[in-house]
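# Topology and contacts: notes
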Amino acid sequence: MSSAQPELRIRRASKLERSLKRIWSLPSLLWGCILLAILIAVALLAPIISPYHPSEQNMAAILQPPSSEHWLGTDQLGRDLFARLIYAARTDLKIMALAEIVPFCVGVFLGMVAGYYGKWADALITLATDTFIAFPFYLIVIIVAFVSGAGEKGIYITFMLVGWIVYARVVRGLSASLRKQEWIAAARTLGLPNIKIILRHLLPNVLPQAVVVLMTDMAVLLVAIVTLGYLGIGIAPPTPDWGTMISEGQPFISTKWWLSAAPGFAVVYAGIALSLIGDGLADLWRRK
Amino acid sequence: MKDRNPVVELDGLTLATRSRQPLVSGVSFRVEAGASLGLVGESGSGKSLTLRSIIGLLPSGVQRVGGQIRRSGSCAMIFQDPIRALDPLCPVVGQLAEVVYYRQRVSRKAARSIALELLEMLGLPDSLRTKDRYPHQLSGGQCQRIVIAMALACKPDLLLCDEPTTALDVTVQRQILDLIARLQKELGYAVVFVTHNLAVASSMCSELCVMKEGRIVEQGDTLQLLRDPQHSYTRMLMNSVLPLPELERRADP
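Just so it is clear, the model here is predicted, and its values are computed rather than measured.

Averaged over every residue, the pLDDT of chain B is 86; residues scoring 70 or more account for 95%. Overall fold confidence for the complex sits at a pTM of 0.83, while the interface term, ipTM, reaches 0.79.

See below:
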């Protein structure tokens, strides 16, 4: 507006503009998304980024230090460490995302049922969660993973059994407090079926909290997957995985420290990205 | 009037906490079809609990320990704070249509058009038809109209009103009361009206029950009760209604 007359124009920011502004005002969410986007992009583009195949062995060049040819050097079988690192991101992120689906749905649903119905449903579900909580997390994970067999399938089964508890606990508390609100009572007196109230009215109200927990729990789950790999009861060796990489690099830790440090850094990086998103989302919804 | 069937009949209703502390004792009244009854009293006199026990909405920890509630026909309730009586994350028209869908057993599409008809009947703006509106975007009066519409979607024989105007702006109170009274004439439901405001109760109801500390202290025809209050508490309630000072002065000779 270059005209001399001051013009009063009230322009309403568009919806997209407003949401962009809001994300901009939350640096933790912004940075979490950027970090995670980079990680996912690298994982997806792994074949383009790295000229090497992750399980391609070269016995003539084992345990090489980082160079222009091998950016992070090679491991004890002469495999390119950088290629393994980014292919491992594929495996670990994929398993992390898939293993979280069932526990999330089951946990949120059971939490809502417990909180909404109270009484014996609540007692039963609380008993189950409290029993699981009484044991150390990794003890259960290792036992179940051991029983259900190593490999991807074992990881899915393990987290299907233990993963829902976090969600059930958080959502139960939330639902129990929402249940006391007048509008739930109103919906009940108006004759809506309970399942409808739970799915159509309770669910949207508890979902933001559950998603925040999802983000934090994904980081926990990633570390658990890596731990299982490190202990040798996770992903089986030829498939690249950060956990197995750390344990394979361990014998050479005093001279070739980067063999274990690189995958360790990758885990920390992914964990930070997910936690930042979780914190950011919590802030976003709290402000609203 | 006496030969008509009662829509609701309370017989010696007694409510108490789990630790047997009495909250409401021996409350009896009957409401005939199309009639209106007011429960008046100060806060904590048990009038809301009495009302909620009719529709089975007692808060946890309160239970019925004696007496009977006989109810015939359907029943719906209007709440004190309309904004809190609506799901904050669901468009209001959607909520209304949902009630129509489940109570009138029509198709989803028909439910929506019935919902829109109800909106018109209650004098809600047309903008609700085209745009999804959430409870926080509406005024208290508009929300209360939605809540009334949801109650009417149940085709009630008995409408329970729990201080429906207390949380509203003074200017809207009258409109809401007129609306409830007008629709009562049109649709013929009976009303049980809980309020602490004697003026509101007497304009809405043909019969009044004055409650104090969980008991009915006086009960009877509104006009008779106001002309000739027997109980000191009723007189006290009547004296607590403030007259408009200007008019008062002019009335003096």
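Turning our eyes to something else, we now look at the environment of Y230 of chain A. Residues and elements named next belong to chain A. Tracing the sequence through the fold places Y230 in helix α10 (residues 194-231). Along the backbone, Y230 and S247 are 17 residues apart, and their C-alpha atoms lie at a distance of 5.3 Å. Ignoring any residue separated from it by four or fewer positions in sequence, one finds Y230 in contact with G243, T244, I246, S247 and Q250.

With that out of the way, let us pick up empty space enclosed by the protein. For the coordinates displayed, the defined rule picks out 3 cavities of 30 Å³ or more. By volume, the largest cavity is sized at about 80 Å³. Lining the largest cavity, in full, are W183, A186, A187, L190, L192 and H201 of chain A together with A85, D87, Q95, E98, V99 and M150 of chain B. Contributions of two or more residues to the lining of the largest cavity are made by α9 (182-189) of chain A together with α2 (92-104) of chain B. Of the residues assigned to the lining of the largest cavity, the class counts are 8 nonpolar, 2 polar and 2 charged. Empty space within the second largest cavity amounts to approximately 50 Å³. Those elements giving two or more residues to the lining of the second largest cavity turn out to be α4 (81-117) and α11 (242-249) of chain A.

Take the packing of α10 of chain A against α2 of chain B next. Taken N-terminus to C-terminus, the directions of α10 of chain A and α2 of chain B make an angle of 165°; their axes are 13 Å apart at the nearest point. Looking at the two axes, α10 of chain A sits roughly antiparallel to α2 of chain B. Where α10 of chain A crosses over α2 of chain B, the handedness of that crossing is right-handed. Packed against α10 of chain A, whose contacting residues are K196, R200 and H201 of chain A, the element α2 of chain B presents Q95, E98 and Y102 of chain B at the interface. Looking at the contact of α10 of chain A with α2 of chain B, its residues break down into 1 nonpolar, 2 polar and 3 charged.

Scoring rules and cut-offs
Residues numbered from 1 in each chain as written. Chains lettered and ligands numbered in written order. Predicted model: local features only at pLDDT ≥ 70, side-chain atom pairs only at ≥ 80, totals over all residues. Heavy atoms only, no water. pLDDT = per-residue confidence, 0-100. Helix = DSSP H or I, 4+ residues; strand = E, 2+ residues; numbered from the N terminus. Contact = heavy atoms within 4.5 Å. 1 Å grid on protein atoms, 1.4 Å probe; cavity = no way out; pocket = protein on both sides within 12 Å on 5 of 7 lines; lining within 4 Å. Points joined across faces, edges and corners; volume = space filled by probe spheres on them. Nonpolar A, V, L, I, M, F, W, Y, C, P; charged D, E, K, R; others polar. Axes fitted to C-alpha atoms, helices over the stretch in contact; angles between N-to-C directions. Parallel < 35°, antiparallel > 145°, perpendicular 65-115°, else oblique. Left-handed = near helix turned anticlockwise from the far one by under 90°.

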